Amino acid sequence: MNTSTNANLPGQPHIAYLGDQLHVEGVALSQLAREHGTPLFVYSKAAMLSALAAYQRGFAGRQAQICYAMKANSSLAILQVFAEAGCGFDIVSGGELARVLAAGGDPAKVIFSGVGKTRHEMKQALQVGIGCFNVESEAELDVLSAVAVSMGKHAPVSLRVNPNVDPKTHPYISTGLKGNKFGVAHEEALRAYRHAASLPGLKVVGIDCHIGSQITDSTPYLDAMDRVLDLVAEVESAGIPIHHIDFGGGLGINYNGDTPPQADALWAQLLAKLDARGYGQRQLMIEPGRSLVGNAGVCLTEVLYLKPGEQKNFCIVDAAMNDLPRPAMYQAFHQIVPVTPRSGDGVVFDVVGPVCESGDWIGRDRQMLVLAGDVLAVLSAGAYCMSMASNYNTRGRAAEILVDGTKAHLIRQRESAFDTFALEQLV
Ligand code: LLP
């Protein structure tokens, strides 16, 4: 354990030990925990912008729009960071659209994905003039056309095609296989495009695919691209022009020694293929989520009790599955490190939260030297943690801090118990 040098943690470029204190950029995490309490999410603005810069480098000289998949972390100030950096947004609900507008995002740079858009959400999106609907079924095409006609508008549409490519990731976050609910099957795509082109309320503008999340190998992307480009050729030779090609998101991050390609390296490979097939100068879109924010955030949590046992030692902390749902949902691994390390070897603990479920664990079999009162940092917590947090066990959701250099901005206050039941009433 590093106790005295300036040491970055693997995969977390702006999170490092300075002396014996873990910092996010120029701010000591022990100080933030004292001031704001725990559990506490802390994000690095520089880490987000440098993750974004890798995509921007990858697309230099191309017509490309990066639409941040805000489901990864939809806090307003995070959206503001990406909006100010020129990003559009990939949304999956009317609620997310409302957040984009509240954060100052440009609706013309919004693409609306998801298999279950309601008529109300379609209307809301048409009213503000979103860039594109990524439509996932023929039934949705009919409904969207009817809604647009009733408003005297044309809805810009792209069809999400399911390329039937295995992204080799956790089954719950794999989306581009035949058995998944997402997208229009490759074999049915031409028919669906003809159908879309025939409907009075639609204007076909693009094609998209998204094969899964936490993808650590470039091969599935290259295979999916081939399948999508085959379809572009087919659809265009049927007389339906495809203005933009959207390759979705999905690039993985380093949680536990994972070695995904860097965004710029991945795009060099993908663009070489696009060029070789003559599509390099098309308008391109992508929808990255996790790779922009995942390694930019940590969750601070205080050790409440150590509970040694015959079979297991438990380290009981004040964050739980309602704050950090990924281990319980996907058996996901997050590194856990002390913000102020102690010297020595420690013992092996399961790190668990206070929620009344055995599934409420944050890390298993972790060698740690800790005492009650110590603050731990759960790493790689910038994506799919706060955005998936719940109030289970009437636990208020954590506060959030955005660090920018030596400044720490409180971007979300801690929810009180009262906040969690403020919309309820007695009969
Ligand atoms: N576009 C679409 C249509 C998506 O469904 C997703 C993610 C993305 C883009 C962004 O993918 P990313 O770049 O973040 O991999 N809660 C899970 C991840 C669910 C991903 C859902 N879709 C987790 O914590 O691992």
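Just so we're clear, the structure is a prediction, and the values are computed from it rather than from any experiment. (Residues numbered from 1 in each chain as written. Predicted model: local features only at pLDDT ≥ 70, side-chain atom pairs only at ≥ 80, totals over all residues. Heavy atoms only, no water.)

> How would you explain the overall build of the protein chain if you had to name every residue and give the values?
A count of helical and extended segments in the protein chain gives 12 helices and 22 strands. Relative to the globule expectation of 22 Å for 427 residues, the C-alpha radius of gyration of the protein chain, 23 Å, shows essentially globular dimensions. In terms of overall dimensions, the protein chain has C-alpha extents of about 70 × 60 × 40 Å along its principal axes. Residues classed as buried in the protein chain amount to 55% of the 427 residues present. For the protein chain, restricting intrachain contacts to residue pairs at least 6 apart in sequence, the fraction spanning at least 24 positions comes to 68%. On the protein chain, roughly 17,500 Å² of surface is accessible, and the fraction owed to carbon and sulfur atoms is 52%. Each charge class in the protein chain can be summarised by its mean position, and for the 34 positive and 42 negative side chains these summaries are 3 Å apart. (Helix = DSSP H or I, 4+ residues; strand = E, 2+ residues; numbered from the N terminus. Rg over C-alpha atoms; globule rule 2.2 N^0.38 Å. Buried < 20%, exposed > 50% of the residue type's maximum accessible area, 1.4 Å probe, protein only. Contact = heavy atoms within 4.5 Å. Areas by Shrake-Rupley, 256 points an atom, 1.4 Å probe, with all protein chains shown as cover. Lys, Arg positive; Asp, Glu negative; His and termini not counted. Charge placed at Lys NZ, Arg CZ, Asp CG, Glu CD.)

> Describe the site of the ligand, naming the residues involved and giving the relevant values.
Close to the ligand lie 18 residues, the nearest being Ser213, Glu287, Arg326, Tyr330 and Tyr384. For the ligand, an oxygen atom lies 2.4 Å from a polar atom in the side chain of Ser213. A distance of 2.6 Å is found between an oxygen atom of the ligand and a side-chain nitrogen or oxygen belonging to Arg326. Mapping the ligand onto the cavity grids shows that it belongs to the largest pocket. Here the shell around the ligand is built from residues that sort into six nonpolar, six polar and six charged. Three or more residues apiece are contributed to the shell around the ligand by two domains, here domain 1 (15-44 + 294-420) and domain 2 (113-288). (Near = heavy atom within 4 Å. Polar contact = N/O pair within 3.5 Å; in protein donor to acceptor, adjacent residues only side chain to side chain. 1 Å grid on protein atoms, 1.4 Å probe; cavity = no way out; pocket = protein on both sides within 12 Å on 5 of 7 lines; lining within 4 Å. Sits in = over half its atoms within 2 Å of the grid points. Nonpolar A, V, L, I, M, F, W, Y, C, P; charged D, E, K, R; others polar. Domains from an automatic or database assignment.)

> Could you give me a rundown of the environment of Pro261, with the residues and numbers involved?
Along the polypeptide, Pro261 turns up in the loop between strand E13 (244-246) and helix H9 (263-276). Along the backbone, Pro261 and Phe418 are 157 residues apart, and their C-alpha atoms lie at a distance of 45 Å. Each residue touching Pro261, except ones within four places of it in the same chain, is listed here: Thr216, Asp217, Ser218, Leu251 and Leu266.

> Report on the layout of surface pockets, specifying residues and quantitative values.
Quantified by volume, the largest pocket comes out at close to 620 Å³. Lys71, Thr175, Phe182, His210 and Tyr384 are the residues nearest the centre of the largest pocket, which is lined by 28 residues in total. In the lining of the largest pocket, the residues fall into 11 nonpolar, nine polar and eight charged. Both domain 1 (15-44 + 294-420) and domain 2 (113-288) contribute no fewer than three residues apiece to the lining of the largest pocket. Of the volumes computed, that of the second largest pocket is approximately 450 Å³. Surrounding the second largest pocket, 23 residues form its lining, Gly11, Ala51, Gln262, Ser291 and Asn295 being those nearest its centre. Ranked by residue count, the leading element in the lining of the second largest pocket is helix H2 (residues 45-58), at six residues. (Points joined across faces, edges and corners; volume = space filled by probe spheres on them.)

> So what's going on with helix H8 (residues 219-237)? Which residues, and what values?
End to end, H8 covers 27 Å across 19 residues, agreeing with the expected 27 Å (1.5 Å per residue, within 8%). Every buried residue belonging to H8 is among Pro220, Tyr221, Leu222, Ala224, Met225, Val228, Leu229, Leu231, Val232 and Val235, and all of these are buried. On its buried side, H8 packs onto strand E10 (155-162), helix H7 (189-198), strand E12 (202-208), E13 and H9. Backbone geometry just downstream of H8 places Gly239 in the positive-phi region, at approximately 90 degrees. (Expected span 1.5 Å × (residues − 1).)

> Before we move on, can you summarise the pairing of strand E2 (residues 12-18) with the specific residues and values?
Both E2 and strand E3 (residues 21-24) contribute to a ladder of four bridges, which runs antiparallel. Across the sheet, the residue bridging to Ala16 is His23, located in E3. Between the end of E2 and the start of E3, which pair antiparallel, lie two residues, with Gly19 showing a positive phi angle near 65 degrees. (Pairing = 2+ DSSP bridges.)

> Tell me about the domain arrangement of the protein chain, residues and numbers included.
Domain annotation for the protein chain reports domain 1 (15-44 + 294-420) and domain 2 (113-288). Put simply, the middle of domain 1 and the middle of domain 2, counted by C-alpha atoms, are 35 Å apart. Across the interface of domain 1 and domain 2, roughly 800 Å² is buried in total on both sides, 53% from carbon and sulfur atoms. When the area that domain 1 buries against domain 2 is broken down by residue, the three leading residues are Asn295, Tyr330 and Phe333, summing to 51%. (Buried area = accessible area lost by both parts, 1.4 Å probe.)

> Hey, could you go over empty space enclosed by the protein for me, with residue numbers and the actual values?
Scanning the entire structure with this criterion turns up two cavities of 30 Å³ or more. If you add up the space inside the largest cavity, you get close to 60 Å³. Surrounding the largest cavity, Tyr55, Tyr221, Phe247, Gly248, Gly249, Gly250, Leu251, Leu266, Trp267, Ile286 and Pro288 form its lining. A breakdown of the residues in the lining of the largest cavity according to their chemical character gives eight nonpolar, three polar and no charged. In this structure, the second largest cavity occupies an estimated 50 Å³ of space.

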